[in-house]
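# Structural overview
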Amino acid sequence: MKREDFKNTKTIKGKRLSRSFFVRPDKDKTYGERSVKIAESLIGKFVVRRIGRKKIFGRIVEVEVYAGPKDRAAHSFGGKVTPRNKVMYQRGGHAYVYLVYGMHWQMNLVTGNEGEPQCVLLRALEVPEGGRIASGPGKLCRYLRLNKSFHGEDVTSSRRLWLEDRGEKIDLKDIVRAKRIGIDYAGPYWSSRRWRFYLKDSPAVSRR
DNA sequence: GTACAGATTGAG
DNA sequence: TCAATCTGTACT
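Description of the structure in this document.

Cut-offs and rules
Residues numbered from 1 in each chain as written. Chains lettered and ligands numbered in written order. Predicted model: local features only at pLDDT ≥ 70, side-chain atom pairs only at ≥ 80, totals over all residues. Heavy atoms only, no water. Salt bridge = Lys/Arg side-chain N within 4 Å of Asp/Glu carboxyl O. Helix = DSSP H or I, 4+ residues; strand = E, 2+ residues; numbered from the N terminus. Buried < 20%, exposed > 50% of the residue type's maximum accessible area, 1.4 Å probe, protein only. Near = heavy atom within 4 Å. Polar contact = N/O pair within 3.5 Å; in protein donor to acceptor, adjacent residues only side chain to side chain. Phe/Tyr/Trp six-rings, centres within 6.5 Å; stacked < 30°, edge-to-face > 60°. Lys NZ or Arg CZ within 6 Å of the ring centre and 35° of its normal.

## Let's talk about the pattern of salt bridges
- A complete count under the given rule lists 12 salt bridges for this structure.
- A salt bridge links E126 to R59, with the shortest nitrogen-to-oxygen separation between them at 2.8 Å. Pair noted here: E126 is in strand 6 (residues 118-126) and R59 is in strand 3 (residues 54-67), with a separation of 67 residues, a long-range link.
- According to the relative accessible area criterion, E126 is buried, its value standing at 5%.
- Assessed through its relative accessible area of 5%, R59 is described here as buried.
- Across the pair D174 and K200 runs a salt bridge whose closest N-O atoms are separated by 3.8 Å. One end of the pair, D174, is in the loop between strand 7 (161-165) and strand 8 (175-178); the other, K200, is in the segment after strand 9 (196-199), and 26 residues separate them in sequence.

So, in structure tokens, the structure goes:
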């Protein structure tokens, strides 16, 4: 998306993604397939962060699925519940924000029904300023000024953080499906599972 | 209590 | 290649 296009998006009235976007009927037998669908449909949507009268926003170009309790890479693996990950067990539409490596925040969106820990990690945004300042999960949170206070935020009702559909239709063939990043510890099966999705040709994707 | 790895990043 | 730096987990 070019810089001029972002000027247009400022005047576009975006439609907030509601609960039904994050909590979907459980038709799929495969655990995590619902989150895969949600991950794909998040590509091209906008994250909006309001600070006073100012809005910071970006277009989602890269996400990853984490679907416990079977997923060895997910914090919910084995059905574990900790003070940190318990938000994952809430119904979809909540933000799961946590600190990695003691210095970087990451934001996930919970995508399961209540009691089914699934989420989608937001990894990269295209932003009006251009460049790669929100290209990576830690950089994305820094750009949006997200921290622990957003842990558990309900993005379907929050006044300071939400998701928007601005009418863009993304063709599925423009979405690349790849292995997740940084989870080699999860073993060959889970680390090779193609649960990372990014927009083909976007310069803002964290790694090619 | 201690030890250690980790859904990362930026500098060298 | 490596260090920064905090949280959860698996031990003693």
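## Let's talk about the protein's contact with DNA strand B
- Taken together, 20 residues surround DNA strand B, and among them H104, Q106, N108, G138 and Y185 come closest.
- Expressed as a percentage, the sugar and phosphate content of the atoms of DNA strand B within 4 Å of the protein is 62%.
- P137 places a main-chain nitrogen or oxygen 3.1 Å from a phosphate oxygen of DNA strand B.
- In this structure, R142 approaches DNA strand B through a side-chain N or O atom, which is 3.0 Å from a phosphate oxygen.
- At the level of secondary structure, the elements contributing two or more residues to the surface near DNA strand B comprise strand 4 (95-100), strand 5 (104-110), strand 6 and helix 4 (137-144).
- With four residues, the top contributor of residues to the surface near DNA strand B is helix 4.

## With respect to the packing of aromatic side chains
- Under the criterion given, the structure shown has seven aromatic pairs.
- With a centroid separation of 6.1 Å and 45° between ring planes, the pair formed by F46 and F57 is classed as tilted. Note that F46 is positioned in strand 2 (residues 46-51) and F57 in strand 3, a separation of 11 residues in sequence. Across this residue pair, the class does not change: F46 and F57 are buried.
- With a centroid separation of 5.0 Å and 90° between ring planes, the pair formed by Y189 and W190 is classed as edge-to-face.
- Given a relative accessible area of 53%, Y189 falls into the exposed group.
- Relative accessible area serves as the criterion here: at 12%, W190 is assigned to the buried category.
- Among the aromatic side chains, those forming a connected cluster through ring pairs are F6, F46 and F57.
- Seen from the ring of F150, R160 lies directly overhead, with NZ or CZ sitting 3.7 Å from the centre.
- Residue placement shows R166 over the ring face of F46; its charged tip is 4.5 Å from the ring centre.

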